[in-house]
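Residue-level structural notes
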Amino acid sequence: MRIALVNGPLRSAVCDFGVGHQMPLGLLMIGGPVLAAGHEVKMIDAAREHLSDAEIARRVAAFGADVVMIAHVGSTSAHPCCLRVLRSVKAALPACITVYGGVHPTYHFREILAGHPEVDVIVRGEGEATTLDLVSALAANGSHAEAPHVGDLSGVRGIAWRSGGEIVTNASRPPIADLDAWPIGWDLIGDWDQYRAFGLGRAAVVQFSRGCPHTCTYCGQWMFWRRWRHRDVVRFVDELERLHREHDVCFFWLADENPTTLKDVWKGVLAEIAQRHLPVGLCASIRAQDIVRDADILHLYKQAGFLYVLMGVETVTDDTLSRIRKGSRVDDAYQAVRLLRQHNIMSIVDYIFGLEDETPRTIWRGLRGLLRYDGDFVNALFITPHSWTPLGHQMRDETIVEPDIRKWDYRHQVVGVKHLSPGQLFIGVKLVELLYHLHPRRLWRILTVPDRALRHQLRFAFLHTSVVFVYELFERAMGSLRRRAAAPVAEEHAASATEAVEISA
Ligand code: B12
Ligand code: SF4
């Protein structure tokens, strides 16, 4: 079969002006197995190339696709644009079967299939094995010949689809036991120069492990992968080495939720990369508690190439940390930043606004707490109550001030706070970002840190953070003007229903 993989055309300030565009690893991971099984597969990265819907449909038609598979890493915020693309594809190619996957459709499959005939099949959860089975079933059914009939898919575990107009949820699929057995579709990347990070040359997103043993209430990733698993250390590092040698990849972005889960295994990964002396940089999300735990092996982080650690500190009080089940304490974050600094590794700390009822006092306390942590950069986020998370469930009755799910991307306020209007909270958050990043201590460090490479990285990040900051002010101003003109919110942009569905349903 001929399968077009489309990375949804979501515009993102973070990629356009901040870190740079990254490759859609999820699509590469479902593309690899079908490619290896002998199907013809083409990647259309509409996000990277900023393609219009018409151009995507044109490329899909030119390829002669039997099946179009779509997703985007910013799954919820990209949902409206993914549907829009599928409508264009169906209009241009009614016989083409459309398959949708990723986090958001995994949980909202029922309302999507009920309201959107442009979606034929939804793959729920981990995609590799399900996609391969699905494509084999579609090929066997000869489904592509007769639109929009997909044939009998009742034997394919892990999907939701329509049969005779009824929505059918097939049995779920157990988590993949051997992650190394599933080839990644690196050959689907046409131009490696399209993917770069932090101004450090070619970059690749890679994944050593899946899942997370923690259960933070605002996060759904621990449910999505169901249990923590990891790849074979040597085979994983072989892959990094091959990407570096064959494609000149200089920077690896780990997509893992929690790569550090087992200290010995993680130490093995770091030691294996370090002993190969690969001239590459690394970045990953790592819990503050694990950085503190790893104090005695942080030199290995550095030797392996760690340049950035993203740390979800989320808040500045132990009470809130325990309420969101973070499983760490304020002091962990404080120590982690210092340890990373001693090893010349940059820390980018995530802070979530809206975890408590924000007032000018809590915002001020947040700024003071962040200055005490003293991470190199702060990534200010807003609480986003995804329906499948425990927090989304708890917040069911809260006021939603942003019904447009294109903005459910953590960078826009979604839930109302009692004591501040959205405009006031926005100003508060922007002031925190401004005062934090322009703090004399931070500017002094950017100007004078002795390590040349680190100085360069700090300046790069400072410049690009500033551009995103200005863009968001501009976006907000334009949004207010548009709101004043009272543009109606289109149906597909309204918040999707809050039905939370277990992945194993
Ligand atoms: C690396 C990463 C980034 C990087 C790189 C993004 C990239 N292009 O690869 C950067 C920093 C740029 C980034 C940005 C954003 N990200 Co991000 N990111 C991640 C992270 C850490 C890993 C993503 C990943 O590659 N996972 C590994 C792959 C293999 O998993 P996967 O994509 O889910 O794919 C599997 C299945 O979902 C399924 N599947 C996926 N797609 C499809 C498609 C089809 C057709 C099928 C059948 C199956 C299928 O099969 C795959 C293999 O099993 C995740 C958190 C996490 N650990 O997962 C957040 C995450 C995906 N990001 C998220 C968000 C919100 C964003 C931003 C919108 C944030 C922002 N405000 O800017 C932007 C989007 C910008 C953009 N244009 O890409 C959220 C999405 C939540 C949601 N419900 O929408 C996540 C889950 C973080 C979180 N904890 O909530 N991100
Ligand atoms: S540690 Fe990170 S990935 Fe794990 S549950 Fe908490 S927020 Fe999610």
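Please refer to the structure higher up on the page.
Structure report, in brief. Along each chain, residue indices are assigned from 1 in the same order as the chain's sequence is written. Lettering for chains starts from A, numbering for ligands starts from 1, and both go in the order in which the items are written. The predicted origin of the model limits local features to residues at a pLDDT of at least 70 and limits the giving and counting of side-chain atom pairs to 80 or more, whereas totals for whole chains, interfaces and linings rest on all residues. Heavy atoms from the whole structure form the basis of all side-chain values; hydrogens and water molecules are not counted.

Some points on the sheet that holds strand 1 (residues 2-7)
- Paired strands are those between which DSSP finds at least two bridges. Helix numbers and strand numbers start at the N terminus; a helix is a DSSP run of H or I with at least 4 residues, a strand a run of E with at least 2. With mixed pairing, seven strands are arranged side by side in an open sheet as 2-1-3-4-5-6-7. Strands with a single pairing partner mark the edges of an open sheet, and in this sheet they are strand 2 (40-45) and strand 7 (166-169). Taken over all neighbouring pairs, the strand axes of this sheet differ in orientation by 20 degrees on average, direction set aside.
- Residue contacts are counted whenever heavy atoms from the two residues lie within 4.5 Å of one another. Helix axes are fitted to C-alpha atoms over the stretch in contact, other axes to C-alpha atoms as well, and angles between N-to-C directions run from 0 to 180 degrees. Packed onto the sheet, helix 4 (residues 53-63) meets strand 1, strand 2 and strand 3 (67-71) and runs at close to 160 degrees relative to strand 1.

Quick look at the packing of aromatic side chains
- Two rings from Phe, Tyr or Trp (for Trp, the six-membered ring) form a pair when their centres are within 6.5 Å of each other. A pair whose planes differ by under 30 degrees is stacked, one over 60 is edge-to-face, and the rest are tilted. Taken as a whole and judged by the stated rule, the model has 15 aromatic pairs.
- Every member of this aromatic cluster is reached through a ring pair, and the members are Phe198, Phe251, Trp253 and Tyr308.
- Remark: a charge is flagged as sitting over a ring if the NZ atom of Lys or the CZ atom of Arg is within 6 Å of the ring centre and within 35 degrees of the ring normal. Sitting above the plane of the phenylalanine 63 ring, arginine 2 keeps its charged end 4.5 Å from the centroid.

Comments concerning empty space enclosed by the protein
- Each cavity reported here is a set of points on a 1 Å grid over the protein atoms alone in which a 1.4 Å probe fits but cannot get out, each pocket an open set with protein on both sides within 12 Å along at least five of seven lines, and each lining residue one with an atom within 4 Å of a point. Grid points are joined across faces, edges and corners, and a volume is the space filled by probe spheres set on the points. Per the stated rule, a full pass over the model turns up three cavities of 30 Å³ or more.
- Considered as a void within the structure, the largest cavity measures approximately 160 Å³ in volume.
- Arg124, Gly125, Glu126, Arg173 and Arg226 are, among the 20 residues lining the largest cavity, the residues nearest its centre.
- The class makeup of the residues in the lining of the largest cavity is ten nonpolar, five polar and five charged.
- Quantified by volume, the second largest cavity comes out at close to 70 Å³.
- If you go around the second largest cavity, you meet 13 residues; those closest to its centre are Ala288, Gly312, Val313, Ser328 and Ala333.
- Those elements that provide at least two residues to the lining of the second largest cavity are strand 13 (306-314) and helix 15 (330-342).
- Sorting elements by how many residues they give to the lining of the second largest cavity places helix 15 first, with three residues.
- Classification used: nonpolar for Ala, Val, Leu, Ile, Met, Phe, Trp, Tyr, Cys and Pro, charged for Asp, Glu, Lys and Arg, polar for all others including Gly. Classifying every residue of the lining of the second largest cavity gives six nonpolar, three polar and four charged.

What to know about the state of the cysteines
- A pair of sulfur atoms, both from cysteines and within 2.5 Å, is called a disulfide here. Scanning the entire structure with this criterion turns up zero disulfides.
- Unpaired in terms of disulfides, cysteine 250 finds its nearest cysteine sulfur in cysteine 283, a separation of 15 Å.

Let's talk about unusual backbone geometry
- Even without being glycine, phenylalanine 198 reaches a positive phi, approximately 50 degrees.
- Positive phi is not limited to glycine here, since histidine 277 has a value of about 50 degrees.
- Within the secondary structure, histidine 277 is located in the loop between helix 11 (263-275) and strand 12 (281-285).
- Exposure is judged per residue with a 1.4 Å probe applied to protein chains only, and the accessible area is read against the type maximum: over 50% gives exposed, under 20% gives buried, and values in between give partly exposed. Accessibility expressed as a relative area gives 69% for histidine 277, which makes it exposed.

Notes on the site of ligand 2
- What makes a residue near a molecule or strand is one non-hydrogen atom of that residue sitting within 4 Å of it. Around ligand 2, the surrounding shell consists of Cys212, His214, Cys216, Tyr218, Cys219, Trp222, Glu257, Arg287 and Lys326.
- Its residues placed into classes, the shell around ligand 2 shows five nonpolar, one polar and three charged.

With respect to the site of ligand 1
- Near ligand 1, the surroundings consist of 43 residues, among which Thr76, Glu128, Glu257, Asp409 and Tyr410 are the closest.
- Here a polar contact is taken to be a pair of N or O atoms separated by no more than 3.5 Å, where protein atoms must pair a possible hydrogen donor with a possible acceptor and residues adjacent in sequence count only if both atoms sit in side chains. In this structure, serine 75 approaches ligand 1 through a main-chain N or O atom, which is 3.2 Å from an oxygen atom.
- In this structure, an oxygen atom belonging to ligand 1 sits 3.0 Å away from a side-chain N or O atom of glutamine 221.
- Sorting the residues of the shell around ligand 1 by element identifies helix 1 (13-18), helix 2 (25-36), strand 3, helix 5 (75-92), helix 8 (128-141) and helix 9 (221-224) as the ones contributing at least two each.
- Considering every element that reaches the shell around ligand 1, the biggest residue donor is helix 2, with five residues.
- Broken down by class, the residue content of the shell around ligand 1 amounts to 21 nonpolar, 15 polar and seven charged.

Description of the sheet that holds strand 8 (residues 203-206)
- Overall, parallel pairing links the six strands, which are arranged 8-11-12-13-14-15 in an open sheet. Edge positions in the sheet fall to strand 8 and strand 15 (377-382), since each has one partner strand and no second. Taking each pair of neighbouring strands and ignoring which way they run, the sheet shows an average axis angle of 20 degrees.
- Two elements, strand 11 (residues 251-254) and strand 12, share three bridges in a ladder whose sense is parallel. Paired with phenylalanine 252 across the strands is leucine 282, a residue of strand 12.

Here's the deal with the side chain of histidine 79
- Looking at where histidine 79 falls in the secondary structure, it is placed in helix 5.
- A distance of 2.8 Å separates a polar atom in the side chain of histidine 79 from a polar atom in the side chain of tyrosine 100.
- Not counting chain neighbours up to four residues away, the residues in contact with histidine 79 comprise Tyr100, His104, Ile112 and Ile405.

Things to note about the layout of surface pockets
- Considered as a void within the structure, the second largest pocket measures approximately 330 Å³ in volume.
- If you go around the second largest pocket, you meet 19 residues; those closest to its centre are Gly354, Glu356, Asp357, Met395 and Glu398.

Regarding the side chain of aspartate 120
- Looking at the secondary structure, you find aspartate 120 in the loop between helix 7 (109-115) and strand 5 (121-123).
- There is a polar contact of 2.6 Å between the side chain of aspartate 120 and the side chain of lysine 90.
- In terms of polar contacts, aspartate 120 uses its side chain to reach the backbone amide nitrogen of threonine 98, at 3.0 Å.
- When sequence neighbours within four positions are dropped, the list of residues in contact with aspartate 120 reads Lys90, Cys96, Ile97, Thr98, Leu113, Val150, Ala160, Trp161 and Arg162.

Quick word on the environment of phenylalanine 208
- By the element assignment, phenylalanine 208 lies in the loop between strand 8 and strand 9 (209-210).
- Note on phenylalanine 208: relative accessible area 0%, which makes it buried.
- When the C-alpha atoms of phenylalanine 208 and valine 415 are compared, they prove to be 34 Å apart, with 207 residues separating the residues in sequence.
- Once residues within four sequence positions are removed from consideration, phenylalanine 208 is found in contact with Leu179, Arg229, His230, Arg231, Asp232, Val233, Phe236, Asp256, Val265 and Val269.

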